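This is what each chain is made of:
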Amino acid sequence: MEKEDLKVLNKGEEDEMELQGYRLCRWRLALVGLGVLCTGGFLLLLLYWMPEWCVKSTCTRSMVRDAQVVLLRSTDEFRRWFLAKVRVMLAPGRNPFHSLETQTTSPSSPSSPTSTSPPLANGHTPHRSDGSPAQELIRRYADYQPTQIRYFTLHSTKYYWNDELQNFEVLTGLEDLNVSCSTLHSEHSAGLTRNQQEYRRLFFGVNEIAVKVPSVFKLLIKEVLNPFYIFQLFSVILWSADEYYYYAVAIVFMSVISIATSLYTIKKQYVMLHDMVATHSIVRVSVCRANNDIEEIMSTDLVPGDVMVIPSNGTIMPCDAVLVSGTCIVNESMLTGESVPVTKTNLPNPLPGEKGDEADGAYNTEEHKRHTLFCGTNVIQTRFYTGELVKAVVVRTGFSTAKGQLVRSILYPKPTDFKLYRDAYLFLLCLVAVAGIGFVYSIVLSIMNKVPAKTIIIESLDIITITVPPALPAAMTAGIVYAQRRLKRIGIFCISPQRINICGQLNLVCFDKTGTLTEDGLDLWGVQRVENGSFHLSEENAYKESLVKSQFVACMATCHSLTKIEGQLSGDPLDLKMFEATGWILEEATEEETSLHNRIMPTVVRPPKQLLPPEPVVSPEQDMELYELSSAYEIGIVRQFPFSSALQRMSVVARLLGEKRMDAYLKGAPEVVASLCKKDTVPENFGEVLEDYTKQGFRVIALAHRRLESKLTWHKVQNISRDHIETNMEFLGLIIMQNKLKAETPAVLQDLHRASIRTVMVTGDNMLTAISVARDCGMIPPQDTVIIADALPPRDGQAAKITWRYADKPSKTPRLEEVAISLEDVCHVDEPKTQEQYHFAMSGKSFAVIDEHFPDMLQKLVLHGTVFARMAPDQKTQLIEALQGVDYFVGMCGDGANDCGALKRAHGGISLSELEASVASPFTSRTPNISCVPSLIREGRAALITSFCVFKFMALYSIIQYISVTLLYSILSNLGDFQFLFIDIVIILLIVFTMSLNPAWKELVSRRPPSGLISGPLLFSVLTQILICLGFQTIAFLWVRQQPWYEVWTPLSNACNLSSHENVSDLNATELDDHNIQNYENTSLFYVSSFQYLIVAIVFSKGKPFRQPSYKNWPFVLSTLSLYVFLLFIMFYPVSTIDEFLEIVCVPIEWRIKLLFIILINAAASILVETFVLDIVLWKLVFSRDKQGSFGATPAAPTPQGGIDLWGCKCLSWLCCRRKMTPKARYMHLAQELSVDPDWPPKPTTTTEAKPRPENCSAYQIMINS
């Protein structure tokens, strides 16, 4: 079939995939079946592990439209394969949004209904609320042919075949129609008929986020089919055949514990997720039918287009829906992490005259989120007009909802790509290759010596199980489990333990500002009013008699989204502080009052009595009630235009009691508010005053006001667009809020800087405020320059451009120890080079423009970008990706509010909020400040070094045992069962599980551990130790045969003139004849190799600078000491019981002393090579190339031995200088390029313009403004 038929699914999205179609092929299936039988099921396992092989071996390529099976491959760096079976559904039409009535009357429509019940029930019988509307549907359109619809399901998402697109597509919901706001009101707010609902449910399925908790059996099968457990099973069978039952039982026991722990954890996570999702899954809801009936149905029956009635006492939303009438107060902590209630208003319905205007754009959940109720969020209360219900049109259901997508990202996460794990597999392949050599060697040797076939098979396969240690997974997991336990002790909880190792590599951490670096709440610092176009002096507060009736205070009292919940004022913290500063009182209408009036009762605010001027004395004849009415001063809030982060403002329409005309009040970002005011009302020095405040780190909000025309009645105000209100305003002044730094912030950032870890601020706040906070907390040192990149999108035929401006002048004396992102040049160690420091700052808008029009420039900017302000949640994620794109290991620390995506995407995301949004974050901290970040990195580094230690130790253990066995095979001998058992359990398991217990080092050093096993120092370490062990074992093996007392051992041999071995039983003799275990070579190698395991354990168990020294790890010290004492004891004081058990023979005392001599020289050689050659010389050379560049990077920390001799570095520097040093990471390449670029950093008077990209040329050019 045509190879070109390759489709792309979800183009341009995070889960983009390539898709190929296949049809089942019978003869291939038969061949595979035969192969499975011949290989005893192993081929089936192989096809289970490799979905692409499975499809290609059983199917033939076909056109996608005719495919029975689709093979998908992700387009990200992981290139994962998935397969899915294509199913066929019969339905009355192709498009779920077509009305069935119009379809049947339209002759051109290819859609038609089904004629019988079974096709409809083809796995798609909808959950019905009453009767059987599907039957009715079929009866009604019985004359028409059913339409076949092809679809497949992957990751809880259904993909339907679309004939027009000639590709599969996802049906998300009402947004697929690109419906405008006015159409939503006019065509979709009446509700659906039951038939339409049934028809749509065929496509959209049941409205529920079904997290199926797999059965323990299913999980067990999936876990057991892991390649490593299969290898363990193979090893256990082999050992049992070789009568080596004890270690087989030990491995089975360890595997069972490992599998049980893993199953428990996975099952627990599924249950937690299921419980979290199930809270809203199934509730009873009222829906409006097309004939104005209200019907109660189960929430599982909802489909996009249904009109749902929101109950007045609130509910948990079972779907995403857009409000078309009334308002709701919603707690969205499930999605955003903010427990502050949000007011949702109905979707604006533009008047016919405004059609085509921006006001009537296509509805979009992101753009119109202030009108959208999201699935899983809690509607606390509703406000409505009399006789009118609060209605919402269902937009998305099931896994398409915002909550569904969050749950899907948790259920099907991206794999964590980490060099350690890739290298571990490569390393294992090398061990397999070594095993292969031993396998061939043992077969050849055995055939030459005419050994029986059964023994040949068992012994040659045994070599493989010796070389690839089956205990490796358990050993590798131990370090991570211990680290997880230590993290839990300091209040950091981890749901993805594999990420702990990755945290050891972090070299850049992004921080959210509000609630993370600074305190959550804002305090009112002061107000600065404007009158007649000029600023008054700043005042501490507005709680004054003289200001009580001023428009400034009226604006503070009315322009907010506060509400009363159970008598408590609740809402945005900023609004709360502002309102509390006025001292006014807020009163809301009760439900009873609302139902008495034919319009919604406004929320009323009024000043406390003590602030109002004293009232004149009332004469008795005056009407008391009329007087009270006229003298009461209160303002009713008639309409609210909620705060929009896109518009950066909010406004209200209010009316003072007794006034005919209404007032509009506006508050928002000062620049935005000033642009909406009359020019003459904005003070001339507005820019300077604002800059002065923001530079000091204050959060500034501007207020404005306008008297509305008298023709604007209450009804007109309810339907007017906000653009008509928010214009021609009068500037009232500024409110200055203070956001204090958390006490721990500066010290933690200083620790990170000292450790050469870059810190970046990503915030939704104002740019200058963010720069000021960055300076206050030490993220930007006082003498450094800040360059602001202002990017403008292409407009009126002009290309996109970036204007560079410097935020403030740096001081004249830069500190000498500050070095730019640069590589340390080993050849010029004596001459430190200093360079002026600069940091880039940009807003979310600029970031978006640069990302789109200057992709090459973005990489250079993120290299020195320190402040990213006004960033939307998805932009935070894009920034993390951009940083990862230049090979940074990125950490993200946020309070979970709008950082979910970024926390999930970062290599190590740590949430400071324990709300449900933290489900997305691998780590959650109980301590609500950033002090958890260095702790996490320290533990990560310790866990990573532990993984290296354990891996190197396990590799050496395999190779040492392999050398012993290979040498013994040459004389047709082997290690005895109990010798294997003693080594494998008493020495190895004890050492592995205790060597992982070293806690993390007390402070962060400026060097990072290597990221992979395939790195110079680690390979050098392993290879030299292998050679040392090989050398000394070979010496012992050959030297024992040169001894004057040596003879081929027999049960009657008497090398040490002892009588204990003379009377060996016949049974023992026959056993020995079988396996030839007891001999002098075996005993010598057993002693030497046993000590070698302990020597490499001590040599590899590194302490500083990433872990506490090994002598502080008392279980490890105790274990090694006990083993040393025991081995020396049995070596110099033979005990016949132990000797018989371990099958070792008696050797003369002088040979034992020679063995001790061999062991001591072996230990000295191992320690010398590992500590001096590797740690002092090679470590320095190789790591100088891998050093993390950073702002404020101090020179490298001392090496593990406490310092480096300069001559040593110079003597070996030629190794690096003879060939050009090439940095590994992309950010280092870029730093090298930029350090020689004369035009970088851009000068303050330049503009960079995007150019059409010619071949092999830069995409922008820098121009100097004239």
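Residues numbered from 1 in each chain as written. Predicted model: local features only at pLDDT ≥ 70, side-chain atom pairs only at ≥ 80, totals over all residues. Heavy atoms only, no water.

Asker: Please clarify how the overall build of the protein should be interpreted in this entry.
Answerer: Counting its secondary structure elements, the protein contains 41 helices and 42 strands. Expressed as a percentage of the 1266 residues in the protein, the buried residues total 54%. Within the protein, contacts between residues separated by at least 24 positions form 76% of all contacts whose residues are at least 6 apart in sequence. Carbon and sulfur atoms make up 57% of the accessible area of the protein, which totals about 56200 Å². (Helix = DSSP H or I, 4+ residues; strand = E, 2+ residues; numbered from the N terminus. Buried < 20%, exposed > 50% of the residue type's maximum accessible area, 1.4 Å probe, protein only. Contact = heavy atoms within 4.5 Å. Areas by Shrake-Rupley, 256 points an atom, 1.4 Å probe, with all protein chains shown as cover.)

Asker: Is there a simple way to explain a nonpolar patch on the surface in this structure?
Answerer: A surface patch of nonpolar side chains, about 330 Å² in accessible area, is lined by Phe217, Leu220, Ile221 and Val224. Look at Val224 and you get partly exposed, because its relative accessible area is 32%. (Patch = residues over 30% accessible without salt bridge, like charges linked within 9 Å, V, L, I, M, F, W, Y side chains within 5 Å. Salt bridge = Lys/Arg side-chain N within 4 Å of Asp/Glu carboxyl O.)

Asker: Teacher, can you tell me more about the pairing of strand 39 (residues 908–911) here?
Answerer: Regular strands place their side chains on alternate faces of the sheet. Burial along strand 39 is two-sided: the residues Gly908 and Ile910 and Gly909 and Ser911 are all buried. Across four bridges, strand 38 (residues 890–894) lies against strand 39 in parallel orientation. Within strand 39, the residue paired with Gly894 across the bridge is Ser911. Pairing between strand 39 and strand 40 (residues 923–925): two bridges, direction parallel. (Pairing = 2+ DSSP bridges.)

Asker: Got a minute to help me understand unusual backbone geometry in this structure?
Answerer: Phi is mostly negative for residues that are not glycine, and the peptide bonds are mostly trans. For the bond running from Trp1240 to Pro1241, omega is 0°, close enough to zero to count as cis. Assignment of secondary structure puts Pro1241 in the loop between helix 41 (1226–1235) and strand 41 (1246–1250). Backbone geometry places Asp887, a non-glycine residue, at a positive phi of 70°. Looking at where Asp887 falls in the secondary structure, it is placed in the loop between helix 30 (873–885) and strand 38.

Asker: Looking at this structure, how should I read the side chain of Asn507?
Answerer: Here Asn507 is to be found in the loop between helix 17 (498–503) and strand 21 (508–511). A distance of 2.9 Å separates the side chain of Asn507 from the backbone nitrogen of Phe889, its partner in a polar contact. (Polar contact = N/O pair within 3.5 Å; in protein donor to acceptor, adjacent residues only side chain to side chain.)

Asker: Would you mind going over the sheet that holds strand 29 (residues 649–656) with me for this structure?
Answerer: What holds strands together in a sheet is hydrogen bonding between their backbones, with the strands either parallel or antiparallel. Read across the open sheet, the nine strands follow the order 23-22-32-31-30-29-28-27-26; overall the sheet is antiparallel. Strands at the two margins of the open sheet, each flanked by one partner only, are strand 23 (534–535) and strand 26 (585–587). For strand 29 and strand 30 (residues 663–668), the ladder comprises six bridges, and the chain directions are antiparallel. Along strand 30, the bridge assignment pairs Arg649 with Gly668.

Asker: Any chance you could explain the packing of aromatic side chains here in plain terms?
Answerer: Each aromatic ring pair is specified by the distance between its two centres and by the angle formed by the two planes. All told, the structure shown has 30 aromatic pairs when counted by the stated rule. Consider the rings of Trp804 and Phe840, whose centres lie 5.7 Å apart with planes at 55°: the pair is tilted. Of this pair, Trp804 sits in strand 35 (residues 801–806) while Phe840 sits in strand 36 (residues 838–843), and the two are 36 residues apart along the sequence. Both residues of the pair, Trp804 and Phe840, belong to the buried class. An aromatic cluster of three or more residues is present, and its members are Tyr151, Tyr160, Tyr199 and Phe203. We note Lys860 situated over the ring of Trp1240; from NZ or CZ to the ring centre the distance is 5.6 Å. (Phe/Tyr/Trp six-rings, centres within 6.5 Å; stacked < 30°, edge-to-face > 60°. Lys NZ or Arg CZ within 6 Å of the ring centre and 35° of its normal.)

Asker: Looking at this structure, I do not really get helix 23 (residues 686–695). What am I missing?
Answerer: In an α-helix there are 3.6 residues to a turn, and that puts residues three or four apart on one side. Phe686, Val689, Leu690, Tyr693 and Thr694 are the residues of helix 23 that are buried. The arc enclosing the buried residues of helix 23, seen along the axis, measures out at 125°, which places them on a common side. For helix 23, the secondary structure elements touched by its buried residues are strand 22 (523–531), strand 23, helix 22 (670–675), strand 31 (698–707), strand 32 (730–738) and helix 27 (767–776). (Arc of directions from axis to C-beta.)

Asker: Hey, could you run me through the nonpolar core in this one?
Answerer: A general feature of soluble globular proteins is that nonpolar side chains tend to end up buried together. Formed by 97 residues in total, the largest nonpolar core has its most connected members in Tyr247, Phe953, Met954, Ile988 and Ile991. The element contributing the most residues to this core is helix 32 (residues 932–969), with 19 residues. In this structure Tyr247 touches Trp239, Ala471, Tyr957, Leu981, Asp984 and Ile985, once residues within four positions along its chain are discounted. Core analysis: the next-biggest nonpolar cluster, separate from the first, contains 45 residues, Leu749, Ala755, Ala841 and Val867 among them. (Core = buried A, V, L, I, M, F, W, Y, C linked by side-chain atoms within 4.5 Å.)

Asker: Explain the pairing of strand 7 (residues 147–154) here, please?
Answerer: Where strand 6 (residues 87–91) lies against strand 7, five bridges are found, and the strand directions are antiparallel. Bridge assignment links Ala91 to a residue of strand 7, and that residue is Thr147. One ladder, built from four bridges, connects strand 7 with strand 8 (residues 157–162); its direction is antiparallel. In the sheet register, Tyr151 faces strand 8, and the bridge partner there is Tyr160.

Asker: Quick question: what am I supposed to make of helix 30 here?
Answerer: Helix length check: helix 30, at 13 residues, gives a terminal C-alpha distance of 19 Å against a target of 18 Å (1.5 Å per residue), a fit within 8%. Listed in full, the buried residues belonging to helix 30 are Gln875, Lys876, Thr877, Leu879, Ile880, Ala882, Leu883 and Gln884. Within two residues after helix 30, Asp887 carries a phi angle of roughly 70°, on the positive side. (Expected span 1.5 Å × (residues − 1).)

Asker: I'm lost on the sheet that holds strand 17 (residues 372–373) in this one. Help?
Answerer: Spatially, 11-10-12-19-14-17 is the arrangement adopted by the six strands of the open sheet, whose pairing is antiparallel. The open sheet terminates on both sides in strands that have one partner only, identified here as strand 11 (294–298) and strand 17. Taken together, the five bridges between strand 14 (residues 320–325) and strand 19 (residues 391–396) define a ladder with antiparallel strand orientation. Residue Leu323 lies in a different strand from strand 19, and its bridge partner there is Ala392.

Asker: Help me understand the pattern of salt bridges, please; the structure alone is not making it clear to me.
Answerer: For side chains bearing opposite charge, pairing can occur when the charged atoms are close. Applying the stated criterion to the full structure yields 29 salt bridges. For Glu295, the salt bridge goes to Arg289, with nearest N and O atoms at 2.8 Å. For the pair Glu295 and Arg289, a shared accessibility class is recorded, and that class is buried. Each of Arg65, Asp66, Arg94 and Asp163 takes part in salt bridges that share partners, so that together they form one network.

Asker: Would you mind going over the packing of helix 32 against helix 34 (residues 1016–1042) with me for this structure?
Answerer: Contact geometry for helix 32 and helix 34: axes closest at 10 Å, N-to-C directions at 25°. When the interaxial angle is binned, helix 32 and helix 34 end up roughly parallel. The element helix 32 and its partner helix 34 pack so that their crossing is right-handed. Of the residues in helix 34, those touching helix 32 at Phe948, Lys952, Leu956, Ile959, Ile960, Ile963, Ser964 and Leu967 are Leu1018, Ser1021, Val1022, Gln1025, Ile1026, Cys1029, Leu1030, Gln1033, Thr1034 and Phe1037. Partitioning the contact of helix 32 with helix 34 into residue classes produces 12 nonpolar, five polar and one charged. (Axes fitted to C-alpha atoms, helices over the stretch in contact; angles between N-to-C directions. Parallel < 35°, antiparallel > 145°, perpendicular 65-115°, else oblique. Left-handed = near helix turned anticlockwise from the far one by under 90°. Nonpolar A, V, L, I, M, F, W, Y, C, P; charged D, E, K, R; others polar.)

Asker: Which parts of the structure should I look at to understand the environment of Ser1110?
Answerer: For Ser1110, the location among the structural elements is in the loop between helix 36 (1080–1100) and helix 37 (1114–1132). Taking the relative accessible area as the measure of exposure, Ser1110 reaches 15% and is therefore buried. Between the C-alpha atom of Ser1110 and that of Pro999, which follows or precedes it by 111 residues, the distance is 9.3 Å. Among all residues touching Ser1110, those that are not within four sequence positions of it are Asn998, Ser1101, Phe1116 and Val1117. A polar contact is formed between the side chain of Ser1110 and the backbone oxygen of Ser1101, at a distance of 2.9 Å.

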